[in-house]
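In case you want the letters, here they are:
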Amino acid sequence: MGGGFVGFQQARDEKVGGGASDLVRARDQLLADHSGNGRGSRLEPEALRMALVDLYELWLTTKGHEVGITADSGLAIVAVGGLGRREMLPYSDLDLVLLYDDIDPERVAEVADQLWYPLWDAHIKLDHSVRTVPQALRVASDDLTAALGMLEARHIVGDEGLSNLLISGVRRDWRTGIRSRFDALIAQAESRWRRSGEIAHRAEPDLKNGHGGLRDIQLLDALAIAQLTDAMPGLGPDVPGGGLKQAHRRLLDVRTELHRVAGRARDQLRAQDADEIGAALRIGDRFDLARTLSDAARTVSYSADVGLRTAANALPRRGLARLRRVPVRRPLDEGVVEHSGEVVLARDARPQRDPGLILRVAAASAQTGLPMSATTLNRLGEDAPELREPWPKEALNDLLVLLGAGRGTIDAVEALDRTGLWGRLFPEWGVVRDLPPRDAMHTWTVDRHLMEAVAQAGALSTRVSRPDLLLLGALLHDIGKGRAEDHSLVGAELATSIGRRLGLWPSDVKTLSAMVRHHLLLPDTATRRDLDDPATVKTVVEALDGDAHLLELLHALAEADSLATGPGVWNDWKSSLIGELVRRCRMSMAGEELPEPEPIPDELRERAESGGVHVELKPGEGRYHHIVTVVAPDNPGLLSDAAGVLALHSLRVLSANLAGVGKSAIDTFVVAPRFGDPPDPGLLRQELIRAINGDLDLVSVLARKEREAGGTQPNPYAQAAPRVLWFETAEPGRVLLELRAEDRIGLLSRLAAALAEAGVNVCWAKVVTMGSAVIDSFCLDLGAADTPQRRAEISAAVLAVVPPQQPKKSPESDMENG
């Protein structure tokens, strides 16, 4: 050991009687840095804590014997707090309880004075009490904070049987009474988190009381003592940072050095001390220290959240609750169900054979707002294989559903990341994980900023024709940070690699890479260049190769990026400048291509000419994709009926093409079952005939199905405002209506019914679903009735059946530390 420990050993040989000045001298020697005097070096934080524990125990034991606190004295000293946990920090309070039994009160007072006064005289902070065991148990019963403290009690000296009565009694009462105190325990924790904020995202975090701090470790210990959860829950084999045990030690080490640097007790890490503490711990500078703390705190936060949720589910039921049925397992997706308020694996799920299961579980969690079970995440971490490259289409679609879920995306990805599963999907994430910002403008770590940008982009998805690329661009726009090179250039290369891995088309990979490469082009140009200079617009148009779609995506990404940076970064001035730049660039670019109907295969044309109702189902390109072809008489309500029957049988429409030959319609749908296998095509045909004949009320059936799918936490709102766009065609009287919205059960059926009720003739249609976003294009024959008023009526009818937008929140409600 170092020279400081020599001083501690010397204290053992001195008389520790009378006062406590020798205790202070020994403590100061332990804290001293002897690296320059040839006698050793400063104690490492963990060794220092253990040496302080030994030092205080030595003094208390010696002093206790001196004043008559012996094994058969009816007196005992019990330590709580840091000394009780064996986590004594340099300037922590000394929390002691003097227990007594059947002793003259005057004698007890005399002993207490002999204990407390020397400590007070030496200016050692002391939190003390003198009680009998029954008195201490009553205090623990009445005061939640006192109970939590006494759960950490440890015998120091004196009558050990007396100490054991208190320790066992407090723990027994805690276990038996936890049900009645659990709500107060949660309220206390949440109040503390509101006061102190999240350690991971605070410039000057409270290491003790903040969310993800040392108090949360003690909370987990309390839940474990109540036998409701494991104090150190497993986080999977690939958990970043070494798991909860390592996170606990890192927080303790930083707080230990904070005491040593400040020369007094302190819980809040000040910015001016960060470099010195980082150097003392051999972590690096203040940015390296911030990254270490973020990693540790987020691991603790996740563990505390899981612990509280697990404990709540483990609480014994009483009264009428005991008579309730076993919670129903509600299907959410293939292999994914809801159980007891959590997303879990279905009983027949086989993670070993289903690499896409991780994304389906996370997407279900993000969409429903239900947390993923820790057991499920651990099982996925142990059993789920790697996704092969390129990803299957189903996996890419599930990723888009996950990314398009708004604020729910952040919690779901955080859970995946804390358990090592997100890094398995995106190995590049490790460089930006917990990476602190380099300027005060940014509120979040880089990885959290990326997820905030994704959430913001989801609310803008209906402003672009490719919401899938917008979400992916938001996810990756800063992926190149944390390296010495220009992060936009590095990020563009990484985006190319990731895009290929995800299975994107080469043209989409090129667009995604360009989004990352140029994600700062519009804001930098608009705020730093003269928009009236023709060269400004020319520079942007040339940089984007005249790609109007890329311009549209970068416009939305610039807003999402700014909104995710921090309060005030996106404002009316910046919005107007970028909007004007985009308007001028569009004017110099070529017009956009409009959707066109696809050619009809000869075999379908022959079947349509023969008449009758036909339904064909065959496998699609993906593992869970199927192609349903419907040929039937071309009645106004056919599209609504066909799409409604598919939704009734839990078939999600991913894309659709509608055409016709003579008096027959040919509707082709690419569908994916929400869970299980698709129904028999004969059953679909029977149901379709019932719907055509008016024997099946699809409207009421689909409404009931949507209510049931909502489960315990329905979300009737969309993240992005739905939009209806109108385009002219080359044929007089024919126009294109394009709907951009978020999906819902039976949306296509409802849209077709709304158009039919409005008396609109649909010539053909193309439907595309990208994650949870849909872009539906309908070619309408309005003839001479094509007027602004008629278009407004049709728009209103269409918008009436899509999910309304999520109510606006104030910026403060979305910022955890503004």
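Residues numbered from 1 in each chain as written. Predicted model: local features only at pLDDT ≥ 70, side-chain atom pairs only at ≥ 80, totals over all residues. Heavy atoms only, no water.

Here the focus is the overall build of the protein chain. Of the regular secondary structure elements, the protein chain holds 33 helices and 15 strands. By principal-axis analysis of the C-alpha atoms, the protein chain measures approximately 110 × 70 × 45 Å. Considering only contacts within the protein chain whose residues lie at least 6 apart along the sequence, 71% involve residues at least 24 apart. Within the protein chain, the 118 negative side-chain charges are centred at a point lying 2 Å from the centre of the 96 positive side-chain charges. (Helix = DSSP H or I, 4+ residues; strand = E, 2+ residues; numbered from the N terminus. Contact = heavy atoms within 4.5 Å. Lys, Arg positive; Asp, Glu negative; His and termini not counted. Charge placed at Lys NZ, Arg CZ, Asp CG, Glu CD.)

The biggest cluster of nonpolar side chains holds 95 residues, and the ones touching the most others in it are Leu399, Leu402, Trp422 and Phe426. Leaving out residues up to four positions away in the same chain, leucine 402 has contacts with Leu359, Ala362, Ala363, Ala366, Thr409, Ala412, Val413 and Trp422. Listed in part, the 50 residues of the second largest apolar core include Leu688, Ala754, Leu755 and Val801. (Core = buried A, V, L, I, M, F, W, Y, C linked by side-chain atoms within 4.5 Å. Buried < 20%, exposed > 50% of the residue type's maximum accessible area, 1.4 Å probe, protein only.)

Attention shifts here to the environment of glycine 335. Mapped onto the fold, glycine 335 is located in the loop between β5 (330-333) and β6 (336-339). Residues glycine 335 and alanine 362, spaced 27 residues apart in sequence, show a C-alpha to C-alpha distance of 12 Å. Once you skip the residues sitting within four places of it in the chain, glycine 335 turns out to touch Val344, Leu345, Ala346, Ala349 and Leu357.

Within the open sheet, the four strands sit side by side as β3-β2-β1-β4. Their pairing is mixed. In this open sheet, the two edge strands, each paired with only one partner strand, are β3 (126-131) and β4 (154-158). Neighbour to neighbour, the strand axes of the sheet diverge by 25 degrees on average, direction disregarded. Across six bridges, the pairing between strand β1 (residues 75-80) and strand β2 (residues 94-100) is antiparallel. Across the sheet, alanine 76 pairs through a bridge with leucine 99, a residue of β2. (Pairing = 2+ DSSP bridges. Axes fitted to C-alpha atoms, helices over the stretch in contact; angles between N-to-C directions.)

Turning to empty space enclosed by the protein, a few remarks are in order. Throughout the structure, instances matching the rule amount to five cavities of 30 Å³ or more. Space inside the largest cavity adds up to approximately 190 Å³. For the lining of the largest cavity, the class distribution of residues is nine nonpolar, four polar and six charged. Volume-wise, the second largest cavity comes out at about 70 Å³. What lines the second largest cavity is Arg298, Ile410, Val413, Glu414, Asp417, Trp429, Asp447, Arg448 and Met451. Of all elements in the fold, only α16 (407-418) and α19 (446-458) reach the threshold of two or more residues within the lining of the second largest cavity. With four residues, α16 is the largest single contributor of residues to the lining of the second largest cavity. (1 Å grid on protein atoms, 1.4 Å probe; cavity = no way out; pocket = protein on both sides within 12 Å on 5 of 7 lines; lining within 4 Å. Points joined across faces, edges and corners; volume = space filled by probe spheres on them. Nonpolar A, V, L, I, M, F, W, Y, C, P; charged D, E, K, R; others polar.)

We now examine the packing of aromatic side chains. Under the counting rule described, the total for this entry stands at four aromatic pairs. Their ring planes at 55 degrees and their centres at 5.9 Å tell us that tryptophan 391 and phenylalanine 426 sit as a pair that is tilted. Of this pair, tryptophan 391 sits in the loop between α14 (374-383) and α15 (393-403) while phenylalanine 426 sits in the loop between α17 (421-425) and α18 (429-432); the two residues are 35 residues apart in sequence, bridging distant segments of the chain. A residue is classified by how much of its surface remains accessible, and phenylalanine 426, at 2% relative accessible area, is buried. Relative to tryptophan 429, the ring of tryptophan 422 has its centre 5.8 Å away and its plane inclined at 90 degrees; by these criteria the two rings are edge-to-face. Looking at tryptophan 422, the relative accessible area reads 0%, which means it is buried. Judged by its relative accessible area of 3%, tryptophan 429 is buried. Ring-pair connections join several aromatic residues into one group, and the members of that group are Trp391, Trp422, Phe426 and Trp429. Directly above the aromatic system of tryptophan 444 lies the positively charged group of arginine 448, at a separation of 4.3 Å from the ring centroid. (Phe/Tyr/Trp six-rings, centres within 6.5 Å; stacked < 30°, edge-to-face > 60°. Lys NZ or Arg CZ within 6 Å of the ring centre and 35° of its normal.)

Okay, the environment of isoleucine 69 next. Examined against the element boundaries, isoleucine 69 turns out to sit in the loop between α3 (45-66) and β1. On the basis of relative accessible area, isoleucine 69 is assigned to the buried category, the value being 0%. With 447 residues separating them in the primary sequence, isoleucine 69 and valine 516 have C-alpha atoms 71 Å apart. Excluding anything up to four places from it in sequence, isoleucine 69 contacts Gly64, Leu75, Ala76, Ile77, Leu98, Val111, Leu115, Val157 and Gly158.

Bringing the side chain of serine 129 into the picture now. Following the sequence through the fold, serine 129 ends up in strand β3. At 3.0 Å, the side chain of serine 129 forms a polar contact with the side chain of arginine 131. Discounting residues that sit within four places of it in the chain, serine 129 has contacts with Leu96, Val97, Leu98 and Trp116. (Polar contact = N/O pair within 3.5 Å; in protein donor to acceptor, adjacent residues only side chain to side chain.)

All right, on to the side chain of aspartate 216 then. Within the secondary structure, aspartate 216 is located in helix α9 (residues 214-225). A polar side-chain atom of aspartate 216 sits 3.0 Å from a polar atom in the side chain of tryptophan 193. With residues up to four places along the chain from it excluded, the contact list for aspartate 216 reads Arg192, Trp193, Gly210, His211, Val300 and Ala304.

All right, on to the state of the cysteines then. Per the counting criterion, the structure on display carries zero disulfides. Looking at the unpaired cysteine 763, the closest cysteine sulfur is the one in cysteine 779, lying at 4.4 Å. Using a relative accessible area of 3% as the deciding quantity, one classes cysteine 779 as buried. (Disulfide = S-S within 2.5 Å.)

For the rest of this paragraph, the subject is the packing of helix α2 (residues 21-31) against α3. Where α2 contacts α3, the two axes come as close as 11 Å, and the packing angle between them is 170 degrees. One finds that α2 runs roughly antiparallel with respect to α3. Touching Asp22, Leu23, Ala26, Arg27, Leu30 and Leu31 of α2 are Leu48, Ala51, Leu52, Leu55, Tyr56 and Trp59, all from α3. Taken together, the residues of the contact of α2 with α3 sort by class into ten nonpolar, no polar and two charged. (Parallel < 35°, antiparallel > 145°, perpendicular 65-115°, else oblique.)

Time to look at the confidence of the model for the protein chain. Per-residue pLDDT for the protein chain has a mean of 88; in total, 91% of the residues score no lower than 70. Segment residues 319-325 is flagged for pLDDT under 50; beyond a separation of four residues in sequence, or across chains, it makes three contacts in the model. (pLDDT = per-residue confidence, 0-100.)

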